[in-house]
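An overview of the molecular structure
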Amino acid sequence: MSNNWNQEQNNQTVKNNGNGVPHTGDLSQGYRQPQPQNPPNNQNYYQGYEQFSPAPAPASQPLRPPKSYPRRPEPQSPMPQMPAAFQQMSPQFPPFPPQPLPRTQDLGKQGMWQQQQPQQGFVENAMQMVRQWSGKMAATRGGTNMVPPPMVLYKNTNPVLPAQPKRIRWKRSRTLRVSMQMRRRRERWESKSPTGGRIGMGIAITFLLLLVVILSSASAYAYGYYQSQLPRLQGIANQQVSQTTHIYDRNGVPLYDSYDQYGRRTPASYSQIPQVMRDAMVAAEDHTFWTNSGVDPQGILRAATQYSQAGAVQSGGSTITQQLIKNLTHNDDVSINRKLPEAALAIGLTQQYPKEKILEMYLNVAPFGSQDLGVEAAVEEYFHLNRSCDNNFKCTPGIVKLERNQKGQIDPILGLARASLLAGMPQNPVNYDPTVKENMPAALARQDYVLLQMKDLNMLVDGKPITDAMILQTEKLTKSMTFKPYQHAKKAPHFVDWVVSQLETQLGVPTFLTGGFNIYTTIDANLEDYVERAVQRHLQRPEYQFFPYPHISQLNTDSNLNDSAVVVMDAKTGEVLAMNGSVNYNSPVKDEGGQFNAALSSRQPGSTWKPIVYATAFEMGWYPGIVLPDVKTYFPSDGGPLASNNYHPTDYGNTYHNWHGAQASIRNDIANSINISAIKALAFAGVDNVANTARRFGITALDSDLAQAPGHPKTVSQYIGPSFALGTMEVPLLQMVGAYQVFADNGTRVPPQSVLDIWDNYGHHLYHYDPTHPHGVQVISPQIAYMMTSVLSDEVARAPEFAPDHVLSFWDGYGNNDLTYPDVAAKTGTTDSFKDNWTIGYTPDVVVGVWSGNATNTPMAYNVVGITGAAPIWHSVIERVSGKCPKNYPYPFGDDIECGPYHSPYTIQKFMPPAGVVQAAVSGNDGLKGAGQYDWMLDGEQPMQSGYVGATCTAMNTGNNGTTPGGTTTACPPGGGNNGGGNNGGNGNGNNGGNGNNG
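Residues numbered from 1 in each chain as written. Predicted model: local features only at pLDDT ≥ 70, side-chain atom pairs only at ≥ 80, totals over all residues. Heavy atoms only, no water.

Check the secondary structure of the protein and you find 30 helices and 22 strands. Counting over 999 residues, the protein shows a buried share of 51%. Taking all contacts inside the protein whose residues are at least 6 apart in sequence as the whole, residues at least 24 apart take part in 68%. Carbon and sulfur atoms form 54% of the exposed surface of the protein, whose accessible area is close to 47,000 Å². (Helix = DSSP H or I, 4+ residues; strand = E, 2+ residues; numbered from the N terminus. Buried < 20%, exposed > 50% of the residue type's maximum accessible area, 1.4 Å probe, protein only. Contact = heavy atoms within 4.5 Å. Areas by Shrake-Rupley, 256 points an atom, 1.4 Å probe, with all protein chains shown as cover.)

Here is the idea: a disulfide is a covalent bond, and it sits between the sulfur atoms of two cysteines. Summed over all chains, the structure comprises two disulfides. In this model C389 forms its disulfide with C395; the gap between the sulfur atoms is 1.9 Å. For the disulfide bridge between C389 and C395, the dihedral angle about the S-S bond is near 105 degrees, and by the sign convention the bridge is right-handed. In this structure C395 comes out as buried when scored by relative accessible area, which is 18%. In this model, C885 is linked to C899 through a disulfide, with the two sulfur atoms separated by 1.8 Å. Torsion about the S-S bond of the C885 and C899 cystine: about 95 degrees, corresponding to right-handed handedness. Remark: C899 occurs in the loop between α30 (871-881) and β21 (917-922) and C885 occurs in the loop between α30 and β21; sequence separation between them is 14 residues. Across the pair, C899 and C885 agree in class, each one buried. Disulfides within the protein link the bonded cysteines, taken in sequence order, as 1-2, 3-4. (Disulfide = S-S within 2.5 Å.)

This part covers the pattern of salt bridges. All told, the structure shown has 18 salt bridges when counted by the stated rule. With its nearest N and O atoms 4.0 Å apart, the salt bridge here joins R537 to E543. Classification of E543 as buried rests on a relative accessible area of 8%. The partner of R603 in a salt bridge is D836, and the shortest N-O contact between them spans 4.0 Å. Taken together, the residues span a long stretch of sequence, with R603 in strand β12 (residues 602-603) and D836 in strand β19 (residues 836-842) at a distance of 233 residues. On the basis of relative accessibility, which here comes to 5%, the residue R603 falls in the buried class. The structure contains a network of salt bridges with shared partners spanning R264, D372 and E380. (Salt bridge = Lys/Arg side-chain N within 4 Å of Asp/Glu carboxyl O.)

Relative to the helices and strands, T843 is located in the loop between β19 and β20 (846-853). Residue contacts for T843: discarding those within four places in its chain leaves A571, A744, F810, D823, V824, I878, S882 and F911.

Here we take up helix α20 (residues 525-540). Over its 16 residues, α20 runs 22 Å from end to end, which matches the ideal 22 Å to within 8%, given 1.5 Å per residue. The secondary structure elements touched by the buried residues of α20 are β2 (254-258), β8 (543-545), α21 (555-558), β10 (563-570), β11 (576-580) and α30. The N-capping residue of α20, defined by a side-chain oxygen 3.0 Å from the backbone nitrogen of N526, is D524. (Expected span 1.5 Å × (residues − 1). Polar contact = N/O pair within 3.5 Å; in protein donor to acceptor, adjacent residues only side chain to side chain.)

When pLDDT is averaged across the protein, the result is 78; 71% of the residues are at 70 or more. This stretch, residues 133-157, has a pLDDT under 50; its non-local contacts, to residues over four places away or in other chains, come to 38 contacts. (pLDDT = per-residue confidence, 0-100.)

It is worth spelling out the sheet that holds β20 at this point. Spatially, β11-β10-β20-β19-β18 is the arrangement adopted by the five strands of the open sheet, whose pairing is antiparallel. The sheet terminates laterally at β11 and β18 (825-830), the two strands that pair on one side only. Strand-to-strand twist in this sheet, taken as the mean axis angle between neighbours without regard to direction, amounts to 10 degrees. Strand direction decides the pairing type here: β10 and β20, joined by eight bridges, are antiparallel. (Pairing = 2+ DSSP bridges. Axes fitted to C-alpha atoms, helices over the stretch in contact; angles between N-to-C directions.)

Quick look at the environment of E879 now. On the secondary structure map, E879 appears in helix α30. Residue E879 is classed as buried on the basis of its relative accessible area of 1%. Once the C-alpha coordinates of E879 and F810 are considered, the two residues, 69 residues apart in sequence, prove to be 7.5 Å apart. Apart from residues lying up to four places away in sequence, E879 is in contact with S809, F810, D812, K884, P886 and Y889. At 3.1 Å, the side chain of E879 and the side chain of Y889 are in polar contact.

For the rest of this paragraph, the subject is the environment of W838. If you trace the backbone, W838 turns up in strand β19. Note on W838: relative accessible area 0%, which makes it buried. Sequence separation between W838 and A565 is 273 residues, and the spatial gap between their C-alpha atoms is 9.7 Å. In terms of polar contacts, W838 uses its side chain to reach the backbone carbonyl oxygen of Q604, at 2.7 Å.

The next point concerns the sheet that holds strand β7 (residues 517-521). Spatially, five strands are ordered β2-β1-β7-β15-β16 in an open sheet, and the strand pairing comes out mixed. Strands at the two margins of the open sheet, each flanked by one partner only, are β2 and β16 (765-768). Strand-to-strand, the axes of this sheet are offset by a mean angle of 15 degrees, without reference to chain direction. Note: strand β1 (residues 245-248) against β7, three bridges, orientation parallel. When the bridges of β7 are listed, Y248 appears paired with Y520. Lying on the sheet, helix α18 (residues 493-507) is in contact with β1, β2, β7 and β15 (755-760); it crosses β7 at an angle near 130 degrees.

Here you go:
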């Protein structure tokens, strides 16, 4: 009978090894007990058992108990008792293991014991195999003389233990020793930190999982970002990069460049960029550009090395493609949140587009200064190489001339110097800007680096490799260059601001700023310069004045008149030829306006409003010969009864002229700016009818005033009364000039035009205004327009009020004895508070309007009226735009203003009466049918009722400045000879006839 407990499992027999001691393999095997279903810590389960020695220890030295005791399962059969000696020697030793448990059907050949064993590792399996083979070898050697092992399964009846044979020290196998050493080491680790190993392993696993999640998320984000940005990248490659909008005058003179907050940019194609510029950029930023996939790991490592060694990076880790992505997205974040998507986009861009296209895009978007984006903007600022365009705006960029000197000859060293300087700038555009003197050492050092890189890469210049001598020559040439900073100049600033505001409204601000438009405007830069000089000359320097008496004055100091606005318009096309909104766009003085554009600001037009009132009355049957006496008159308000507190305005000077008869005709009333007559005409025509006429003339400010009025009146008559005739509702100068354009163009309204053509940077014609087909609208008949023009151009009719001042005519340019000077129509206006001062007039070709006053709306001096404030400026401008130079006139008529290079396309001509308007005789007393006066009226609308017939008076108005004698008898009514002769007209005997300036 074998005492090997697991004999039934492996059918082994145990034999003595010659020393009477079983082999350790059998001992360790035999002391294993069946495990419970859920055993405690497997590492401690057998702890203590393996240390048991086969030889029993003396009683004085009891065996060391194990560290832990597994709970013994209930025995399946009675178990023999331990010998008493053993119980005394090792009271703490664990009880004997039970007999093997019977097999069950579902455990197979291995039995329940093996089924419940924990799975062992490689080392444990090796050790088990050694134990098994050790047991087999011991059985083989033992034969039949085996000594029973010290622990047998029988009860010993001999109370005295037999003498133990002498033990021979045995040695464990190397495999067992290694296994046990590893187990002890593991036990020591666990004793020091029972959970440290598990925590460390958990942290490591968690970190790895987190890293996987981060990389997966970043990859997904990069891919999603790439997909979302793909349309934008496709648009960029199709010339959708933001570009500067250029504004020119009508002759191609640059006025202004508009661009977004990132800077100005004008594109250039790859074929237009010289090879030396391409090579220099590749050498400076991306040596492997032509071969990499969009990213360069070696470049990243190189940049990190440079930074660790020198604290600075000469060549960044990002490729040109990555920098292109960064510049297009305007993302300066240096974290992985930008780098991963940037790399993905760079790879995708490289796969979609050729390298030439990518380099072209980069050279068009890279920063070369604080406001210079793209190489074209850079050469314009630093080397003054401007682009040139033909009439269809097919442009040649300035970068094409990079290698050409001032004589137009190719200079390879000059091209290398410019290219290498520019190529070094994108890395730090602000600190490498050569226009800043303090930056030159850094800029030159950066240029030297670029040149050395070009040399190391064996790049060629003019077919020759770059040498040290060429580098020295290039750097010497660069040091001799002078650089001036870019000046964002704005010519005709108020006009440009007006154009920009219109286009931003129509196109949208982003589209206008980044669309790369080339805009030809209607303005003439040379005429605009003259207008600005004229305003400053007449306001800020002493000049000779005729009204109310000859004297010399300076308006800004003597009359507190500090600001003025001017608008010049083509009478046939509506083109705005000049616009000046203040005396000085850059002035910090508040009264001088500065950037505030008074030409677009609503002001009370004063008496310049009266022609609109009278034109409405003319449409309703009146004509210039009707008499409206200028006497004190009360005008009831709201249809109430007459009373002393009703509205009763006076004329200028707070008086009345008390004119009657021919002297009080509408012609004279308009020419001399009589208030009472204008209010009577308004009462006849009706407030709302006059307002409708103004709307047809393009005056929209009335509705703006109504919208802001208390109570929100629906009609002008509900908002204002008789004072409407005197220009008390505010209207901008531009709209008033547009209204007078209707008179100048025979009743046809053409809206003010500011833009002639719009092109893009690739020669596409987007918009064109055809001046030969202005699409005007006939708002009044040519006959009504001419009737008003005949009054406004009557120099004789305005003589009673304004003589001897002829600032409203061309008389000064022709001399006293020249009766052939052309016609010019004009009207002045001054508000009661002396806050606004106006003069608006026109020839058959152009309209000029002037407002004078203070930008802060403070009053001028009491003696400043239209004829002295705004009229001198108007006179100089309208003569200059008509082709004359007033500076050449003799004193005191010369205005001492440099005329400049402006060449007028207009010829001075007379106003010609249209068909359907005739001169008819009217009574000089009341303007009805008569024989004393002649005036213009509609053909077929001559008065049928005879007027009062007094003394014979045969004066006629022949062209306003005819030579027909005035009244022949003293029986003519006062002023009966007014229209008899011109300034040097006939010898009429009327009160204002005869010879002299008042004739």
